[in-house]
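Observations on chain architecture
These are the residues of each chain, in order.
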Amino acid sequence: MMDRAIQWAYLHETRDSFAIEKEQPSEEKSRRFVQLLRQAHEGRLLTEDYLVELQNSTVSNPFDKAVAFRHEQNHLHNGLRGAAGVSYVPPAPALCQELMEELMAFANQPVRDVDPLVAAAVTAFGFVFLHPFMDGNGRLSRFLIHQTLCHYGALENGLLLPVSVAMKHEEQAYLQALKTFSQPTREFWNVTWLDADHMAFDFIGHPSIYRYWDATRCVEFTLQMARRALEVELREETEFLDRYDRVIKAVNQRYDVRGSDLSKLVMMCLDNGGKLSKHRRKQFQYSVADEVFGFIEEESLRLMGE
């Protein structure tokens with residue numbers, strides 16, 4: 001049961017981390033990201049080369065693959081035209097490089113008197129605020145939560161806490177946590193639209209804005225998502241698997257149904273509140289006896305009511 005729940009967590013952590021970026025990953029992208037999550041247990045320290053390697057693993061467009069931390073100014077866009085469309089501007093390249101060194105040093109410290117989830121939140125949100133790459137920063141920042149927990153020994157034997165699954169269900173709260181830093185920081189940039197996609201960026205603030213930031217809301221949010229991932233997402237999936245196994249067993253004790261058909265029908269029934277639609281009954285009418293549909297529904301509803 002644990003192995004199946006963890007396998008679910010890896011697949012859905014991958015899917016939802018991309019979904020937060022409004023992207024549907026290909027099978028190859030999904031496979032690479034799952035492999036990436038599993039590699040976090042190897043305990044590699046964060047370096048520029050390692051982060052570049054990770055970025056390359058999550059980006060498929062060869063023109064977006066980095067060879068180092070960025071050497072140009074980037075920004076986040078909200079869809080509006082001109083300067084009004086710039087919602088956040090990370091630090092200039094030179095400052096970004098300097099602060100990334102500090103962030104990696106923080107993340108690579110040996111286990112100390114800091115809660116692993118607090119260290120994970122500071123590392124992940126600090127990374128996304130610095131935005132060291134031109135693409136792939138968002139999903140890498142969420143990967144760093146997992147990587148930091150592994151570094152601290154909080155996740156052993158391949159375990160994973162699916163925080164991206166929780167974040168996908170709390171996207172507005174996630175955006176608000178990001179905005180606690182991004183919104184006030186935007187006020188310290190004068191942005192001038194030049195032409196087409198070209199803009200001029202003039203920083204009128206002080207580097208301390210990026211160097212010393214208040215991570216309180218970001219840590220609170222990460223702790224909330226960790227709790228939801230454990231007590232809601234993983235719990236619900238484990239309960240689903242338990243019901244699935246028990247319905248399968250009950251049907252097999254009374255009827256002879258092809259395994260692949262039975263598996264699909266039970267999953268669809270549990271996903272649909274204990275009911276099989278007319279469409280599904282028609283789809284399997286020539287391979288499954290009509291009384292089996294009713295029995296699957298009865299068992300599913302009984303177990304869901306426990």
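Keep in mind that this is a model prediction, so the values were computed, not measured.

**Things to note about the packing of aromatic side chains**
Taken as a whole and assessed by the stated rule, the structure comprises 16 aromatic pairs. Aromatic side chains Phe-69 and Phe-133 sit 5.6 Å apart centroid to centroid with 55° between the ring planes, which places their arrangement in the tilted category. Of this pair, Phe-69 sits in the loop between helix 3 (48–58) and strand 1 (76–77) while Phe-133 sits in the loop between helix 5 (116–130) and helix 6 (137–151), and the two are 64 residues apart along the sequence. Note on Phe-69: relative accessible area 1%, which makes it buried. Within the aromatic cluster, the residues linked to one another by ring pairs are Tyr-88, Phe-125, Phe-129, Tyr-174, Phe-181, Trp-189, Phe-201, Phe-203, Tyr-210, Trp-213 and Phe-221. The ring of Tyr-10 has Arg-38 lying over it, and the distance from NZ or CZ to the ring centre is 3.9 Å.

**A look at the environment of Asp-115**
Positionally, Asp-115 belongs in the loop between helix 4 (93–107) and helix 5. Between the C-alpha atom of Asp-115 and that of Cys-218, which follows or precedes it by 103 residues, the distance is 14 Å. Here Leu-117 takes part through its backbone nitrogen, which lies 2.8 Å from a polar atom of the side chain of Asp-115.

**Overview of the packing of helix 2 (residues 27–39) against helix 6**
At a minimum axis distance of 9 Å, the contact between helix 2 and helix 6 shows a crossing angle of 35°. The chirality of how helix 2 crosses helix 6 is right-handed. In this structure, helix 2 uses Phe-33, Leu-36 and Leu-37 to contact helix 6, whose residues at the interface are Arg-139, Phe-143 and His-146. When the residues that make up the contact of helix 2 with helix 6 are grouped by side-chain class, the tally is four nonpolar, one polar and one charged.

**What to know about empty space enclosed by the protein**
All told, the structure shown has one cavity of 30 Å³ or more when counted by the stated rule. Taken together, Ala-124, Phe-125, Val-128, Ser-141, Arg-142, Ile-145, Met-167 and Tyr-174 make up the full set of residues lining the largest cavity. Contributions of two or more residues to the lining of the largest cavity are made by helix 5 and helix 6.

**With respect to the nonpolar core**
Of all hydrophobic cores here, the largest spans 66 residues; its most connected members are Leu-51, Met-100, Phe-125, Phe-127, Phe-129, Phe-133 and Phe-143. For this core, the leading source of residues is helix 5, giving eight residues. Setting aside residues no more than four positions away along its own chain, Phe-143 makes contact with Phe-33, Leu-36, Leu-37, Ala-40, Tyr-50 and Leu-54. Judged by nonpolar contacts, the second largest core, of 21 residues, contains Ala-250, Val-251, Phe-295 and Ile-296.

**Comments concerning helix 4**
For helix 4, which comprises 15 residues, the first-to-last C-alpha distance of 20 Å matches the rise-based estimate of 21 Å (1.5 Å per residue) to within 8%. When helix 4 is considered as a whole, its buried residues turn out to be Leu-95, Cys-96, Leu-99, Met-100, Leu-103, Met-104 and Ala-107. When helix 4 is viewed along its axis, its buried side chains cluster within an angular range of 165° and face the same direction. Exposed side chains of helix 4 directed beyond 90 degrees from the buried face belong to Ala-94 and Glu-102. Against helix 3, helix 5, helix 6 and helix 9 (208–211) lie the buried residues of helix 4.

Rules used in this analysis
- Residues numbered from 1 in each chain as written.
- Predicted model: local features only at pLDDT ≥ 70, side-chain atom pairs only at ≥ 80, totals over all residues.
- Heavy atoms only, no water.
- Phe/Tyr/Trp six-rings, centres within 6.5 Å; stacked < 30°, edge-to-face > 60°.
- Helix = DSSP H or I, 4+ residues; strand = E, 2+ residues; numbered from the N terminus.
- Buried < 20%, exposed > 50% of the residue type's maximum accessible area, 1.4 Å probe, protein only.
- Lys NZ or Arg CZ within 6 Å of the ring centre and 35° of its normal.
- Polar contact = N/O pair within 3.5 Å; in protein donor to acceptor, adjacent residues only side chain to side chain.
- Axes fitted to C-alpha atoms, helices over the stretch in contact; angles between N-to-C directions.
- Left-handed = near helix turned anticlockwise from the far one by under 90°.
- Contact = heavy atoms within 4.5 Å.
- Nonpolar A, V, L, I, M, F, W, Y, C, P; charged D, E, K, R; others polar.
- 1 Å grid on protein atoms, 1.4 Å probe; cavity = no way out; pocket = protein on both sides within 12 Å on 5 of 7 lines; lining within 4 Å.
- Points joined across faces, edges and corners; volume = space filled by probe spheres on them.
- Core = buried A, V, L, I, M, F, W, Y, C linked by side-chain atoms within 4.5 Å.
- Expected span 1.5 Å × (residues − 1).
- Arc of directions from axis to C-beta.

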